[in-house]
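As a plain string of letters, each chain reads:
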Amino acid sequence: MRATEDQLKAWMIRGLDGDAKAHAALLGALAPLLSAFFRRRMHDGQDDIEDLVQDTLIAIHTRRDSYDRDRVFSAWMYSVARYKMIDHFRAARRHVPFEGLEDILVAEGFESASNARMDVDVLLAELPDKQARTIRDTKIAGFSVTEAAARSEISESDVKVSIHRGLKSLAARMLGDRR
Amino acid sequence: MTHDDLISALARDVRPVPRHAAGRRIALALVLGGAVTLALVVFGLGVRPDLALAVRGSMFWMKGGYTAAFAACGLILLLQLARPDAERIRWTALVLAPIAVMAVLSGVEMARMPASGWHALWMGPMWLYCPLLVLSLSAPIFAGLVWAFRRLAPSRLPAAGAAAGLLAGAVAATLYCLFCQQVSPVYIITRYTLGMALATGLGALLGPRLLRW
């Protein structure tokens, strides 16, 4: 079964906390994803592609410090893969078209998990904490108003008002952007 | 070696990584490299003899503030460029702010003196002395940042090298203020800016060689 962004990110974060099993599970799940990523973009032999997969796994392992837990994992992972691929072509003195990260995420099927969430995160970051949290809980994580109120330790009407105000100012902001 | 062999070998070495690990590594590099540069300034060049008096004047702090502002810009850019998914670099234009402020101060200074004195103000004897000292003093800090990047993943190597050079040059210039007695805004905007620009340019050239992974 194909791993999702949430699953990969959970493994990554447990690995960052020192959980070797989660880290091994992460690398194991990444190997086929990377293999598919490179095969789709390169016409090299199978051996070259598998070498590049291993190179990338090593880089993902040794450069873990550069991953920020608050960001999208698949975006970080495919950026490492893209860098390794460009470096491979550079060594072979061939040129490849530079592919935007968003295009990669769409092509690899991580669009919904990454692109959209990045935009939502950017938008929500502009709201006061309480509004952003209640919107995230109810509209994204799928909690009910009652559950969201319990999570934030505020009243239900406070949750409703916060969501209402938050969505209103988001709408105003997006319409403002378009104008 | 099969993938499974590689993965189990890698999984044998899973040290915990704290939050903001990239920032911590860069901060450590700045402290260590900065300590070397500080020692070079104090024991190599010597602290300006009138330091106790100078710290009471505003010009000393204005000069330090100018270079420290560039250090802040360099740090903001470097933290972004340490990640492989640095697509859109933000806050680049921030470097223009200190330059604009210092340009206004330089204009005021020039307006207050006869035009015949301008040439000496801009060039002066040994006008390259200060920029080259700043460039040399930035080397230990730049080396520290290159070390910090061994665990980070820049994908835009010339830009990452330039940001590291800017940060190293600006920190070096700030420490160099302990030695240099010049306070003229024109002197600062020419010599100090040139010194930091040289460090930035050299960083951009060295980036692809030193930061490759």
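Just so it is clear, the model here is predicted, and its values are computed rather than measured.

Focus on the overall build of chain A
When you go through chain A residue by residue, the secondary structure sums to nine helices and zero strands. Going from the N terminus to the C terminus, chain A shows its helices and strands as α-α-α-α-α-α-α-α-α. Here chain A has a C-alpha radius of gyration of 20 Å; the compact-globule value for 179 residues is 16 Å, and the former is much larger. In terms of overall dimensions, chain A has C-alpha extents of about 60 × 45 × 30 Å along its principal axes. Evaluated residue by residue, chain A yields a buried proportion of 44% over its 179 residues. Nonlocal contacts in chain A, meaning residues at least 24 apart in sequence, comprise 60% of its contacts between residues at least 6 apart. Put simply, chain A shows about 9400 Å² of open surface, and 52% of that area lies on carbon and sulfur atoms.

Brief notes about the confidence of the model for chain A
Overall, the prediction assigns chain A a mean pLDDT of 85, with 92% of residues at 70 or greater. Confidence scores differ between elements of chain A, with helix 6 (residues 111-125) of chain A showing the lowest mean pLDDT of 67 and helix 1 (residues 5-16) of chain A the highest of 95.

What to know about the pattern of salt bridges
One pass over the full model with this rule turns up 14 salt bridges over all chains. Residues joined in a network through salt bridges with shared partners are Arg40(A), Arg41(A) and Glu108(A).

Quick notes on the interface of chain B and chain A
Residue-level contacts link 33 residues of chain B with 38 residues of chain A. Together, the buried faces of chain B and chain A total about 3200 Å²; carbon and sulfur atoms form 55% of this surface. Where chain B touches chain A, the interface holds four salt bridges. Asp65(A) is the salt-bridge partner of Arg15(B), the closest N and O atoms lying 3.1 Å from each other. Remark: the boundary between chain B and chain A carries 16 residue pairs in polar contact (both at pLDDT 80 or more).

Focus on the packing of aromatic side chains
The final tally for this structure, using the stated rule, is 11 aromatic pairs over all chains. Each ring, one from Phe73(A) and one from Trp76(A), has its centre 5.8 Å from the other, and the planes form 40°; the classification is tilted. Linking Phe73(A) with Trp76(A), this pair stays in helix 4 (residues 73-91), spanning three residues, or about one helical turn. For the pair Phe73(A) and Trp76(A), one class covers both residues: buried. Site record: aromatic cluster; members linked through ring pairs are Phe37(A), Phe38(A), Tyr78(A) and Phe110(A). In this structure, Arg25(B) packs its charged tip against the face of Trp147(B), placed 4.4 Å from the ring centre.

Some thoughts on the nonpolar core
Residues Leu8(A), Leu30(A), Phe38(A), Leu145(B) and Tyr192(B) are the most contacted members of the largest nonpolar core, which totals 90 residues. At 13 residues, helix 8 (residues 157-176) of chain B tops the list of elements feeding residues into this core. Counting 10 residues, the second-largest nonpolar core is a separate cluster that includes Leu124(A), Leu127(A), Ala149(A) and Ile154(A).

Describing the packing of helix 2 (residues 20-41) of chain A against helix 3 (residues 46-62) of chain A
Residues and elements named next belong to chain A. Axis separation between helix 2 and helix 3 bottoms out at 9 Å; the angle between their running directions is 140°. Judged on the interaxial angle alone, helix 3 and helix 2 are oblique. Along this stretch, helix 2 crosses helix 3, giving a crossing that reads as right-handed. Of helix 3, the residues touching helix 2 (which contributes His23, Leu27, Leu30, Ala31, Leu34, Ser35, Phe38 and Arg39) are Gln46, Ile49, Glu50, Leu52, Val53, Thr56, Leu57, Ile60 and His61. The residue inventory of the contact of helix 2 with helix 3, partitioned by class, reads 10 nonpolar, five polar and two charged.

Reading guide: rules and limits
Residues numbered from 1 in each chain as written. Chains lettered and ligands numbered in written order. Predicted model: local features only at pLDDT ≥ 70, side-chain atom pairs only at ≥ 80, totals over all residues. Heavy atoms only, no water. Helix = DSSP H or I, 4+ residues; strand = E, 2+ residues; numbered from the N terminus. Rg over C-alpha atoms; globule rule 2.2 N^0.38 Å. Buried < 20%, exposed > 50% of the residue type's maximum accessible area, 1.4 Å probe, protein only. Contact = heavy atoms within 4.5 Å. Areas by Shrake-Rupley, 256 points an atom, 1.4 Å probe, with all protein chains shown as cover. pLDDT = per-residue confidence, 0-100. Salt bridge = Lys/Arg side-chain N within 4 Å of Asp/Glu carboxyl O. Buried area = accessible area lost by both parts, 1.4 Å probe. Polar contact = N/O pair within 3.5 Å; in protein donor to acceptor, adjacent residues only side chain to side chain. Phe/Tyr/Trp six-rings, centres within 6.5 Å; stacked < 30°, edge-to-face > 60°. Lys NZ or Arg CZ within 6 Å of the ring centre and 35° of its normal. Core = buried A, V, L, I, M, F, W, Y, C linked by side-chain atoms within 4.5 Å. Axes fitted to C-alpha atoms, helices over the stretch in contact; angles between N-to-C directions. Parallel < 35°, antiparallel > 145°, perpendicular 65-115°, else oblique. Left-handed = near helix turned anticlockwise from the far one by under 90°. Nonpolar A, V, L, I, M, F, W, Y, C, P; charged D, E, K, R; others polar.

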